[in-house]
Amino acid sequence: MSRLGIAAVVVTVVLWASAFVGIRAVGPSFSPGSLTLGRLAVAAVVLGLLVVPKLRGLPRGREWWPILAYGVMWFGGYNVALNAAEHMLDAGTAALLINVNPILVAVMAGVILKEGFPRWLIIGSLIAFGGVAVIALGSGQRSTADVAGVLLCLLAAALAAVSVIVQKPVLRKFPAAQATWFGIMVGALCCLPFSGQLITELQAAPLPATLGLVYLGIFPTAIAFTTWAYALSLIDAGRLAATTYLVPGTTILISWLVLGEIPTVWGLVGGVICLVGVGLTRRRSR
């Protein structure tokens, strides 16, 4: 992987981790659907300014099917489901459930994309998942999960995993920024029923919450999903998905710096375990 590809992975992990802090900050002002629509609307405008001038043509015929699929599932369904789930689950439980996603991606990539099941990918993924479990168990919160919250979180993880598999072939035909923008536009159209709610909540939201919404649209959405797509165009889906095990640990560090939330010993230990696991996924089987 080139240095640019590695940089894309780092940017994706850091910005996606920051999204959890941002969502926590604006959560009281925006409901799950309106928050998703607001993020996607901002992302569509910002990324569109870069994509549209260089756009030579739109997808044709069957080329739209996978774009529609991950646009609906990932940019629309995943965000709404996750936002709703976080109203019912404590942070530790949500982090643990969402990080089922890389395992699902590895399995589906092995079967559908014919990437196989490299030994070190499986070993590293299991170790990294264990690190996420340590972070969750050491969050210092009692689980407030109910059945609906658990199902929503697992649904979000499944939608994201399927979307990664569907997006991979699209990146062979379209640049990362274009493929991302197409998906964002599809997701935004799906979330239009929340437009009235968004307008009402924007009128009542304090300025910091509105600025937080704009941040979520530009950085974790427009930029991070583009850098993710670029990295996905370079390496196997299973190996790239394993890097997202670094998101919970990175979130703890950002919360420490931005919100003053001091990480627990278990959080630090879990973060180190995640680093070790992700490092092992990079090894090649002999």
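So, here is what we can say about the structure in this document. The model shown is predicted, which means the values in this text are computed figures rather than measured ones.

Structural notes on a nonpolar patch on the surface
- Taken together, the side chains of Ile 123, Ile 127, Val 272 and Val 276 define a hydrophobic patch exposed on the protein surface, amounting to about 290 Å² of accessible area.
- Breaking the nonpolar patch down by element, the ones donating at least two residues are α6 (119–137) and α13 (265–281).
- Position of Ile 123 among the secondary structure elements: in helix α6.

Points about the packing of helix α2 (residues 32–51) against helix α8 (residues 176–190)
- Where α2 meets α8, the closest approach of the two axes is 9 Å, and the angle between their N-to-C directions is 145 degrees. Like other packed secondary-structure pairs, α2 and α8 cross with a definite hand, here left-handed. Residues Leu 37, Leu 40, Ala 43, Ala 44, Leu 47, Gly 48 and Val 51 of α2 pack against Ala 177, Gln 178, Thr 180, Trp 181, Ile 184, Met 185, Gly 187 and Ala 188 of α8.
- Class assignment for the residues of the contact of α2 with α8 results in eleven nonpolar, four polar and no charged.

Focus: the nonpolar core
- The biggest cluster of nonpolar side chains holds 69 residues, and the ones touching the most others in it are Phe 30, Trp 74 and Tyr 78.
- Excluding anything up to four places from it in sequence, Phe 30 contacts Leu 35, Leu 198, Glu 201, Leu 202, Ala 205, Ala 209, Thr 210 and Leu 213.
- Of all hydrophobic cores here, the second largest spans five residues; its members include Ala 106, Ala 128, Ala 242 and Tyr 245.

Rules of the game
Residues numbered from 1 in each chain as written. Predicted model: local features only at pLDDT ≥ 70, side-chain atom pairs only at ≥ 80, totals over all residues. Heavy atoms only, no water. Patch = residues over 30% accessible without salt bridge, like charges linked within 9 Å, V, L, I, M, F, W, Y side chains within 5 Å. Areas by Shrake-Rupley, 256 points an atom, 1.4 Å probe, with all protein chains shown as cover. Salt bridge = Lys/Arg side-chain N within 4 Å of Asp/Glu carboxyl O. Helix = DSSP H or I, 4+ residues; strand = E, 2+ residues; numbered from the N terminus. Axes fitted to C-alpha atoms, helices over the stretch in contact; angles between N-to-C directions. Left-handed = near helix turned anticlockwise from the far one by under 90°. Contact = heavy atoms within 4.5 Å. Nonpolar A, V, L, I, M, F, W, Y, C, P; charged D, E, K, R; others polar. Core = buried A, V, L, I, M, F, W, Y, C linked by side-chain atoms within 4.5 Å. Buried < 20%, exposed > 50% of the residue type's maximum accessible area, 1.4 Å probe, protein only.

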